[in-house]
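Commentary on secondary and tertiary structure
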Amino acid sequence: MRQRRSNQGQWSSRLAFVLAATGSAIGLGSIWRFPFAVGEHGGGAFVALYLVAVFVIGFPLMIAEVMLGRRGRRNPISTMGMLSEEEAGHRGWSALGVLGIATGLLILSYYSVVAGWTLAHAARAASAPELGGSADAARAAFAAFQADALQLVLWHSVFLAAVAWVVARGVEGGLERMVTFTMPVLLLLLLVLVGWSMTHGDAARAVDYLFGASGAGIDAPLIVAAFAQAFFTLSIGVGALMAYGAYLPPDTRIPSATLTVVVTNVVVSLLAGLTIFPLAFRHGIDPGEGPGLVFNALPLAFEAMPGGRLFGTLFFLLLALAALGSAIALVEPAVAWAVERRGLTRPRAVLGVVGAVWVVGISIALSFNALSEVRFWRGTLFDNLEFLTSEVLLPLSAIGIALFSGWVMCRSSSSEELEIGVGSRFMLWRAAMRWWVPLALLGSGVAATLAWFGDRA
Ligand code: TRP
């Protein structure tokens, strides 16, 4: 959450790191992206693959990224440059840092637009529009909101301004305190919401949809999508974990600290699924309707539940705060680089970085209205950027991290840094980096690309 550059340049405790990493992980990825990705890919098979991807691919990669960060102790570009020099005798791998930072900023440009929807929903939940329990009314209300370019740009700007404000002040204790408060409360609200949804919605169908063997076959695009969700939700591949790892005390055991983050994040995602799908099935909302899913389904619940106005406002506000934590982690590596390497003052660096993201974000906001007819490749500008970052750039970055820590870095460097000795657990992690992670990513990526060309032919 914050970069403690003061004195010893370290997290105050293991818990501080876990909280910061959890704060970056939990955001729109678990609560907005997970449900709509599950819906778009037909349920159970996707969820199962996602779980496998999180633990078998994501977890070892996360360990690797944090480990590289702690060894480098700099911004991601300098860290990769230095480690590359140390392990390979050239600075070529600093490109991995560049890729990560660029991907992070591209993600932020649409992340901020969606976070704006959350803010707008908080404002709207307070004034409780009349939906009369009808999914069509909810959909119409959301469509009208999306058609309003000015509103979308405005809320996107409000959100980014908040990001800029926090990051410019140096991401110090205030934010850490914020996360210690928002995360538990968000979790509590989510639990209440799950309870309501499971008792008032179609729980049986939702559980079957999420965990049953849904008919859809497993193919390469589905696998790539599950990997993408795992990387996105765990904040892998944009240098954020590297930046956080840089402040980890030398005696913290990376694997166990990381596992806490992974498990918390999975639990939140599954709870979000158990909230959305009972509502969707009860109200006849198509689970595959895409990025609007959460924003259509939840207002129906808030309208019907006692105290729903207050509850809904609070829920969307907390979701926006969770997104703020993630957004800060998305800009921090770029800002750290601009300050350390370009010699900019912190406020100037923030202005430059966030300003660029703001401009790109405006075109994304317009892709829901004024530019909605501009369609190519995967669809609108938003669809393209979303696909490019999570299903192309994040996996590429992940392959880079795996190859570097498995093949370029010598065994003694990584085992020393991971402090798990050269026992079986270390060998398992190393095998992940050398073999199954890069092979799984390359294999599924190539197969999905071929399938795409095959479909077009
Ligand atoms: N994990 C965040 C979420 O689920 C989004 C995200 C992706 C992210 N990559 C990141 C956040 C890197 C911080 C850093 O909402």
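These notes cover the structure that comes with them.

Quick notes on the rules
- Residues numbered from 1 in each chain as written.
- Predicted model: local features only at pLDDT ≥ 70, side-chain atom pairs only at ≥ 80, totals over all residues.
- Heavy atoms only, no water.
- Near = heavy atom within 4 Å.
- Polar contact = N/O pair within 3.5 Å; in protein donor to acceptor, adjacent residues only side chain to side chain.
- Areas by Shrake-Rupley, 256 points an atom, 1.4 Å probe, with all protein chains shown as cover.
- Helix = DSSP H or I, 4+ residues; strand = E, 2+ residues; numbered from the N terminus.
- Nonpolar A, V, L, I, M, F, W, Y, C, P; charged D, E, K, R; others polar.
- Salt bridge = Lys/Arg side-chain N within 4 Å of Asp/Glu carboxyl O.
- Buried < 20%, exposed > 50% of the residue type's maximum accessible area, 1.4 Å probe, protein only.

Quick look at the site of the ligand now. Around the ligand sit 15 residues, and of these Ala25, Gly29, Tyr111, Phe232 and Ser235 come closest. Contacts to the ligand include Leu28, whose backbone N or O atom sits 3.0 Å from an oxygen atom. At a separation of 3.2 Å, a nitrogen atom of the ligand approaches a polar backbone atom of Thr233. Across the complex, the protein chains shield 100% of the 360 Å² of accessible surface that the ligand would expose by itself. Within the residue set of the shell around the ligand, elements represented by two or more residues are α1 (14-25), α2 (28-40), α10 (220-234) and α14 (308-342). For the shell around the ligand, the per-class residue count stands at 8 nonpolar, 7 polar and no charged.

Attention now goes to the pattern of salt bridges. Under the definition given, this model contains 8 salt bridges. The residue Glu85 makes a salt bridge to Arg91 at a minimum N-O spacing of 3.5 Å. Overall, the relative accessible area of 41% leaves Arg91 in the partly exposed class. Between Arg139 and Asp136 there is a salt bridge, with the nearest N and O atoms lying 3.0 Å from each other. Pair noted here: Arg139 and Asp136 are both in helix α6 (residues 135-147), with a separation of 3 residues, about one helical turn. Judged by relative accessible area, Asp136 falls into the exposed class, the value being 54%. Within this structure, Arg70, Arg71, Glu416 and Glu417 form a network of salt bridges that share partners.

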